Every structure is written in C-alpha cells, then in structure tokens.
Amino acid sequence: MNNFRLLDCTLRDGGYINDWNFGHNTLINVFERITAAGIDFIEVGFLDQRYSFDINRSIAPTSHCINEIYGGLDKKNTEIVGMIDYGTCDISQIQLCKDSILDGIRVIFKKQKKEEALSFCKELKALGYKVFSQAVSITSYNDEELNELINLVNEVRPYAVSIVDTYGLLHKNSLFHYYEVMNKHLAEDIGIGYHSHNNFQLGYANCIELMNKHGESKRELLLDGTIFGMGKGAGNAPTELLAMYMNENYEKNYDINQILEAIDVNIMEIYRKTSWGYSMKFFISASNDCHPDYVSYLLNKKTLSVKSINDILKKIEENKKLLYDKEYIEDLYVNYQKHECDDEHDYLVLSELFKEKKY
C-alpha cells in the first residue's frame, strides 16, 4: 500500500494573490470543503507577528488567532497546519499543541538560515506539534549543502522535510536527484514533501513522476497542491488534479466534488479579479534560473526587447540569481544600455552625412 498524503495550501500560498484577504466566509468555506473532501492536511495560513489579527485574513500573529477563526469547526480526519517563515514569528507566539487547533507547523527557511531554523523546529516539536522543515529554493543547494541540511534534519527528527521548488525550476531529472539524495540519507521515520510551482507547467506532471518513483516505499511522501492552482507566481499543482490522479491510481477516496464546489463558489471570483498561472514572465525567470522580480523590473522599463532582457539576465552572478537585488539589476541594466546600445558611432556617421548634404 502506498504511503502518499495530500496537503492543500490554498489559504497560505494562494494568499500571495490577494494579500491573504480572502474574507471570513471564504476562509470558512474553503476549510469546510477541504476537510469534507478528506484531504489529509490543510494549511490555513501564515503565522507572522508583524501582522495584526484580522478575522478576514489567513495571516495572523499568534496561534491563538488561528483558534479564533477555525476553533469551532469540525476538522474531521484532516490535520491542520500553519506556516512560519523563519524569523517572522517568535516561539512565544505559539501555544502548546494540545491547546491549539493546529496539529502541525511548517517552517520555511533559506539555506543560510538552516541551522537556526532547524533549532527553531526543535522548539516547536517540544510544544507537541508535527513539524515540517521546508527547504525553500531547493535548487540553490549543491550536494554538499544538501547533505549538511539532511544531517541537521536527522538530528531534529521533524515529521517531514520538503523539496520546495520556489521558482518552478525543476524538471524531472533534477527533482529525482534531490529526492534520491534525501531518500538515501534521511532517517527512515522522516517524510519527504514536494512543493511545486508551475513556471514550466510541470507542477502536476512532476508530482505524478515523483509518486511513481516513490512507489510502495514505507517512507511518507507529502504532495502540496492548491485549489485551481492558486498561488504565488505561476501557481501550484492543482489540488483537484492531484486528488483525481491519486483516486484513480493509488486507491485514495478524496471527494473531488467538494473541491470543485470551492472553486466555483470561492476561487473563481478571486481569479476573475487577479489571475495567476503560467506566463511569459515566469517562463523567462525560470529559464534563466532567476528571481521573477528581476524580469518584472526589466519588463517595466519598456525599453527592452525580450532578447535584451534575456541577455541581461544571463549576466546575473550565480549567488545573486535567486536573491532579488534592485540596485544590482539596475546596474546591469544601465551597463547594458551603455555598452550594448551605444549609438555614438552611428550618430557621428549621420552627422557627417548631413554636413555633406546641400540644400
């Protein structure tokens, strides 16, 4: 029997589209639809103490606030998780798990913060939570750094560690490489998660490939999805597609109609106002292995062809690609305009021609 589990993160990742302002009724309806569908986990939003509590938003300063929104609801057999971007929510803002509706907390972190973040994961685990260690921008890790991460994870023993393809850069072979290294070296009781983005239209396809590769392994494999693919940038693997595939191929019994009702009643209204999904901008950023804000910056100049944008992006240093730096891209742009678009020679030629012309 397979050991796959499906996690819906619409209310968290989808919040990048609408600043997490879903409205209270939509928060409740999506929660009830996902739990009624029998999805294994629902991620209800960010825990971030920089924000004040608003019952309409899926970003809150404390775990107590999550209770205020969802505490009276029947979660059925679905496990409830929240997410912390390491450094944005102190451990003092998190109550004991036994007093919270949250069953687990996912912690995202960049590789330069992995030691501190894993230490924080250990503190959360001590409070009784299932802890998920989320290695964002997984493509920024080389093999040595990945093994360093695995060693730290093995010491903390979280519930799972996730391959987070933040900018949608992974093709199958690269995804398999990260998975194989983790599967080989992680302690057997630690699950592996995969969070995709759709810059190359591969979110759903990569999930299928990973399920097939994982096969009947006893290690838990967690797959992230969002309703209608709603999410940051090019969006995510759609929960409804993953649920359908798992029903048809892996003996799951998710109620797809519940998810479709949520799309129809709640998500399409948001999509009509602010769409998401595959676009030229996200293709360009992914094909250059760089942060999409670099592409946005250059497109907004409205002075460059797509070829010129690609030329500039290719000049970005490796250690700068996934960490957006506005001053850095401005310097590249100015230098490109100065050297690649230097028309001084043409100006001199034209000046001489006009001198010779008689009227």
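Structure shown above.
Residues numbered from 1 in each chain as written. Predicted model: local features only at pLDDT ≥ 70, side-chain atom pairs only at ≥ 80, totals over all residues. Heavy atoms only, no water.

> Now, about the environment of leucine 299: what can you tell me, with residues and values included?
Position of leucine 299 among the secondary structure elements: in helix α12 (residues 292-301). You can call leucine 299 partly exposed: its relative accessible area is 28%. Along the primary structure leucine 299 and lysine 281 are separated by 18 residues, whereas in three dimensions their C-alpha atoms are 8.4 Å apart. The residues touching leucine 299, leaving out its near neighbours within four places in the chain, are Lys281 and Ile309. (Helix = DSSP H or I, 4+ residues; strand = E, 2+ residues; numbered from the N terminus. Buried < 20%, exposed > 50% of the residue type's maximum accessible area, 1.4 Å probe, protein only. Contact = heavy atoms within 4.5 Å.)

> Residues and numbers for the pairing of strand β5 (residues 104-109), please.
One face of the sheet, then the other: side chains in a regular strand alternate in exactly this way. Of all six residues making up β5, six are buried, and the element is well covered by its neighbours. The sheet contact formed by strand β4 (residues 79-85) and β5 spans five bridges and is parallel. Looking at β5, one finds that glycine 82 is bridged to isoleucine 105. Traced from β5 through helix α5 (residues 114-126) to strand β6 (residues 130-135), the parallel crossover comes out right-handed. (Pairing = 2+ DSSP bridges. Right-handed = clockwise from strand over helix to strand, strands pointing away.)

> Outline the packing of aromatic side chains, supporting the account with residue identities and numerical values.
One pass over the structure, following the stated rule, counts 16 aromatic pairs. On the basis of an interplanar angle of 90° and a centroid distance of 5.6 Å, the ring pair of phenylalanine 41 and phenylalanine 132 is categorised as edge-to-face. Of the two residues, phenylalanine 41 is situated in strand β2 (residues 41-47) and phenylalanine 132 in strand β6; the sequence distance between them amounts to 91 residues. Ring geometry for tyrosine 204 versus tyrosine 245: centroids 6.5 Å apart, planes at 85°, classification edge-to-face. One end of the pair, tyrosine 204, is in helix α8 (residues 203-214); the other, tyrosine 245, is in helix α9 (residues 239-249), with 41 residues separating them in the sequence. Of the residues examined, tyrosine 204 reaches a relative accessible area of 22% and is grouped as partly exposed. The ring of phenylalanine 176 carries the charged tip of lysine 213 above its face, separated from the ring centre by 4.8 Å. In this structure, lysine 232 is placed above the aromatic ring of tyrosine 16, and the distance from its NZ or CZ to the ring centre is 4.9 Å. (Phe/Tyr/Trp six-rings, centres within 6.5 Å; stacked < 30°, edge-to-face > 60°. Lys NZ or Arg CZ within 6 Å of the ring centre and 35° of its normal.)

> Explain the packing of helix α3 (residues 24-37) against helix α10 (residues 256-273) to me, using residue names and the numbers behind them.
Running from N to C, α3 and α10 cross one another at 165°; their axes reach a closest spacing of 8 Å. With respect to α10, the element α3 is oriented roughly antiparallel. Once α3 is placed against α10, the crossing between them reads as left-handed. In this structure, α3 uses Thr26, Asn29, Val30, Arg33, Ala36 and Ala37 to contact α10, whose residues at the interface are Gln258, Ile259, Glu261, Ala262, Val265 and Asn266. For the contact of α3 with α10, the class distribution of residues is six nonpolar, four polar and two charged. (Axes fitted to C-alpha atoms, helices over the stretch in contact; angles between N-to-C directions. Parallel < 35°, antiparallel > 145°, perpendicular 65-115°, else oblique. Left-handed = near helix turned anticlockwise from the far one by under 90°. Nonpolar A, V, L, I, M, F, W, Y, C, P; charged D, E, K, R; others polar.)

> So what about helix α7 (residues 172-185)? Which residues, and what values?
Here α7 is 14 residues long and its end C-alpha atoms lie 20 Å apart, about the 20 Å a rise of 1.5 Å per residue gives. Of the residues making up α7, those classed as buried are Leu175, Phe176, Tyr178, Tyr179, Val181 and Met182. (Expected span 1.5 Å × (residues − 1).)

> Now, about the environment of alanine 37: what can you tell me, with residues and values included?
You can see alanine 37 is positioned in helix α3. Expressed as a C-alpha distance, the spacing of alanine 37 and tyrosine 254, which sit 217 residues apart in the sequence, is 5.3 Å. Among residues more than four places away in sequence, those in contact with alanine 37 are Asn253, Tyr254, Asp255, Gln258 and Ile259.

> How would you summarise the pattern of salt bridges if you had to cite specific residues and measurements?
Evaluated as defined, the whole model comprises 21 salt bridges. Between arginine 57 and aspartate 19 there is a salt bridge, with the nearest N and O atoms lying 2.9 Å from each other. With a gap of 38 residues between them, arginine 57 in the loop between β2 and β3 (59-60) and aspartate 19 in the loop between α2 (15-18) and α3 connect regions that are remote in the sequence. Its relative accessible area of 14% is what places arginine 57 among the buried residues. Residue class for aspartate 19 comes out partly exposed when judged on its relative accessible area of 43%. (Salt bridge = Lys/Arg side-chain N within 4 Å of Asp/Glu carboxyl O.)

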